[in-house]
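# Survey of secondary and tertiary structure
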Amino acid sequence: MLSLLVTMLERIGIIIAVAFILTRFRFFRGMLHHDQLTWKQKCFAMLFFGFFGIIGTYFGVAFDTDKLYFNSVNWELASDEAIANSRVIGIVIAGLLGGMKVGLGAGIIAGFHRVTLGGFTAVSCSTATIISGLLAGALHRSGKDLTLIRAFAIGALAETMQMGMILIISKPFEKALALVEMIGLPMIIANGIGTALFMLIIRSVVSEEEKASAIQAQKTLRIADQTLRYLKQGMTEKSAQAVCDILYKEIHPAAVAITDRTYILAHVGVASDHHKTGQPLQTHLTEQVIADGELIIAEKHAIHCKHSDCPLYAGIVAPLKQSGKTIGTLKLYYQSEKEITHVTKQLLSGLSSLLSNQLEIAEAEHALNLAKEAEIKALQAQISPHFLFNSLNVIISLVRVNPDEARHLLTSLAKFLRQNLDGTTAQLVSLEQELLHVKAYLEIEKARFVDKLQIVYDIDENVLHGKIPPLTLQPLVENAIKHGIKNMLENSLVTIRFKDEGNYIVLSVTDNGVGMSEDVLQVVGKKQLPSASGTGMGIYNVNRRMEMTFGREAGLRFTSIPGEGTTVACKLPKKKVNR
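Figured I'd write up the structure that's included with this text. (Residues numbered from 1 in each chain as written. Predicted model: local features only at pLDDT ≥ 70, side-chain atom pairs only at ≥ 80, totals over all residues. Heavy atoms only, no water.)

Helix and strand content of the protein chain: 19 helices and 15 strands. Taking contacts inside the protein chain between residues at least 6 apart in sequence as the whole, the part at least 24 apart equals 67%. On the protein chain, roughly 28200 Å² of surface is accessible, and the fraction owed to carbon and sulfur atoms is 58%. (Helix = DSSP H or I, 4+ residues; strand = E, 2+ residues; numbered from the N terminus. Contact = heavy atoms within 4.5 Å. Areas by Shrake-Rupley, 256 points an atom, 1.4 Å probe, with all protein chains shown as cover.)

Attention shifts here to unusual backbone geometry. Here the residue pair Lys 171 and Pro 172 is connected by a cis peptide bond, since its omega of 0 degrees sits within 30 degrees of zero. Here Pro 172 lies in the loop between helix H7 (148-169) and helix H8 (173-231). Even without being glycine, Leu 471 reaches a positive phi, approximately 60 degrees. Note on placement: Leu 471 falls in the loop between strand S11 (467-468) and helix H16 (473-484).

Let us look at helix H3 (residues 39-58). Here H3 spans 29 Å end to end across 20 residues, near enough to the 28 Å set by a 1.5 Å rise per residue. Where H3 is concerned, the buried positions are Lys 42, Ala 45, Met 46, Phe 49, Gly 50, Phe 52, Gly 53, Ile 54, Ile 55, Gly 56 and Thr 57. (Expected span 1.5 Å × (residues − 1). Buried < 20%, exposed > 50% of the residue type's maximum accessible area, 1.4 Å probe, protein only.)

Positionally, Thr 510 belongs in strand S13 (residues 504-511). A distance of 2.9 Å separates the side chain of Thr 510 from the side chain of Thr 567, its partner in a polar contact. Beyond its immediate chain neighbours, meaning those up to four positions away, Thr 510 contacts Leu 493, Val 494, Thr 495, Arg 497, Thr 566 and Thr 567. (Polar contact = N/O pair within 3.5 Å; in protein donor to acceptor, adjacent residues only side chain to side chain.)

Here we come to the sheet that holds strand S5 (residues 264-269). On the basis of which strands lie adjacent, the open sheet formed by 5 strands has the order S5-S4-S8-S7-S6 and antiparallel pairing. The sheet terminates laterally at S5 and strand S6 (296-299), the two strands that pair on one side only. On average, each strand axis in the sheet is inclined to that of its neighbour by 15 degrees, with strand direction left out of account. In this structure, strand S4 (residues 255-260) lies alongside strand S8 (residues 325-334), joined through 6 bridges in antiparallel fashion. Among the inter-strand pairings, Asp 260 is bridged to a residue of S8, identified as Gly 328. The strands touched by helix H9 (residues 237-251) are S4, S5 and S8; relative to S5, the strand with the most contacts, the crossing angle is about 25 degrees. Sitting on the sheet, helix H10 (residues 284-292) touches S4, S6, strand S7 (314-322) and S8, and the angle it makes with S8 is about 145 degrees. (Pairing = 2+ DSSP bridges. Axes fitted to C-alpha atoms, helices over the stretch in contact; angles between N-to-C directions.)

Another point: the environment of Ile 131. When you line up the elements, Ile 131 lands in helix H6 (residues 122-138). Classification of Ile 131 as partly exposed rests on a relative accessible area of 33%. Residues contacting Ile 131, with those up to four places away along its chain left out, are Met 161 and Met 165.

A few words on the packing of aromatic side chains. What the rule picks out here adds up to 3 aromatic pairs. Ring centres of Phe 48 and Phe 49 lie 6.1 Å apart, and the angle between their planes is 80 degrees; this geometry places the pair in the edge-to-face category. By relative accessible area, Phe 48 is classed as partly exposed at 21%. A residue is classified by how much of its surface remains accessible, and Phe 49, at 0% relative accessible area, is buried. A centroid spacing of 5.7 Å and a plane angle of 80 degrees characterise the contact between Phe 52 and Phe 198, whose relative ring orientation is edge-to-face. (Phe/Tyr/Trp six-rings, centres within 6.5 Å; stacked < 30°, edge-to-face > 60°.)

Turning next to the pattern of salt bridges. Enumeration over the complete set of coordinates arrives at 8 salt bridges. Taken together, the salt bridges that share partners define one network made up of Asp 458, Asp 460, Arg 497 and Lys 499. (Salt bridge = Lys/Arg side-chain N within 4 Å of Asp/Glu carboxyl O.)

Among the structural elements, Met 165 can be located in helix H7. It is 7.2 Å that separates the C-alpha atoms of Met 165 and Cys 125, two residues lying 40 residues apart in sequence. Beyond its immediate chain neighbours, meaning those up to four positions away, Met 165 contacts Ser 124, Thr 127, Ala 128, Ile 131 and Ser 170.

Before going further, it helps to spend a moment on the sheet that holds strand S10 (residues 453-459). Strand pairing within a sheet occurs via backbone hydrogen bonds; the two strands may be parallel or antiparallel. Strands sit in the order S10-S12-S13-S15-S14 across an open sheet of 5 strands; the sheet is mixed. The two strands at the open ends of the sheet, each matched to only one other strand, are S10 and strand S14 (557-561). Strand after strand, the sheet turns through a mean of 10 degrees between neighbouring axes, direction not considered. Note that strand S12 (residues 492-501) and S13 share 8 bridges and pair antiparallel. Bridge pairing links Glu 501 to Tyr 504 in S13. Sitting on the sheet, helix H15 (residues 431-449) is in contact with S10, S12 and S13, with an inclination near 165 degrees to S10. Against the sheet, H16 engages S10, S12, S13 and strand S15 (565-573), with an angle of about 20 degrees to S13.

Moving on, we get to the nonpolar core. Counting 41 residues, the largest nonpolar core has Val 477, Ile 481, Val 494, Phe 498 and Leu 572 as its most contacted members. Secondary structure elements with two or more residues in this core: H15, S10, H16, S12, S13, helix H18 (537-550) and S15. Residues within four places of Leu 572 in sequence aside, it is in contact with Ile 468, Asn 503, Tyr 504, Ile 505, Leu 507, Met 546, Phe 550, Ala 554 and Val 577. Core analysis: the second largest hydrophobic core is formed by 29 residues, Ala 45, Leu 96, Ala 158 and Ala 196 among them. (Core = buried A, V, L, I, M, F, W, Y, C linked by side-chain atoms within 4.5 Å.)

Given a rise of 1.5 Å per residue, 12 residues ought to cover 16 Å, and the 17 Å separating the end C-alpha atoms of helix H4 (residues 87-98) matches this to within 8%. Here H4 has its buried residues at Arg 87, Val 88, Ile 89, Gly 90, Ile 91, Val 92, Ile 93, Ala 94, Gly 95, Leu 96, Leu 97 and Gly 98. Note on H4: the residue one or two positions beyond its end, Gly 99, has a positive phi of about 100 degrees.

Listed below in structure tokens is the structure:
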């Protein structure tokens, strides 16, 4: 009896190894995590566990009741033979995890197979197999939460019931009794242990997944919490550097990098000697992700770094998106492609979505702030003391000496203030309205400059019906006067152009003033540049509003030569302007 128990435990060890492999299958994991299975899942589970029960039968040992001899199970049994087996383990697990229908189906499959082998216990064992499936199915609700002791008890109970069925059904009774006395206790103990071990494996799988999910979720939340305050600033070199430092510390790749569509914004880790902030993109892999908008995994030969001795041997690159468009990439590099696991891929995919969402939120918050600031700026422009007092002083000085000019300037001032008032509520105005607003403003400024200021209008009349945000052009013209030509004593010139260039309308304001230094030219329009005469919000605000309305391609572009003047232009797509 002891030798049979040892043999059964050895065979069950093989069954448990198969069970461990089973836990790697997706359908099996679905059974662990879903209370209700689809019919397709149930049918597959019946077949699988039925086959598992058949394996348990063949891994058993045949016992000849006449010769009291154990042997391997063959395709058929003699009339005096029975099987000491672990079939019940698969059937019980099927019922515990899948319910009564799955337990019954698996029991029928394994039970029918047992009948085909023959032997004097064929009917009793097959019947017991089916009942075992029903019995375990009745305990389905507690199947995933069973303690090891209860699992042992259910497996042992199912096998005890089988021994009872052998005594009741199998004939002659003397052979049945001798069989039960010989194999009963070893099978009850072995199958109880086998069922408990199977449930232990299941519990370890569930625990492993829950632990991995918890760690992943904790890491993702920690990264989200740390990166959000930086990404609120938008995707700049400073924010990208901070995010890369965080990801490098949390994920531990060989290197991590963030780029926009053209330049490296930050690179931390290996190869930072030539993957430097501010440099153009170094790999074709990054360019491909930007073009396709899809995550890519690549070995060294596919990275195609422009530096021949680059130590980056494997990389995974994910797109960063705003409004459905790829605006840059998030990249993790490793020493070997083997380090890039499915978990790594899922993590980077999730991180790219997380960072993209954070950028979207930051953009939305920034847009809201800009809208509020634009409204405040427009309201302030209506009652700007500096501009209003200067204008009134000019008009007062002309009332007696040139009353007609004074009336003309009052009319221009009224038009200017009215347009400012309308601009606080309108979302879009025509280019013609915007031009009239600028002309009203310039009529007043020309009176202040007397003969120093000359204005040239180069306007394509066919573009005047296009729509742009209100109060867009006037800040550009004001900037040219206040900062470009303010110290010129004569021959100051401001040129305003509206040009039709096929699919685009190009607006530009040019002055022949002092120009800008290279340092100022790099940041003008991208951030506020406070000065003695203003907050620097005007140009910055215009640039952001144009990008938000028409896309990044419509942002302000500055060209300047110190001592010779400055041009600020924006390129507007007709399909968006003429809506």
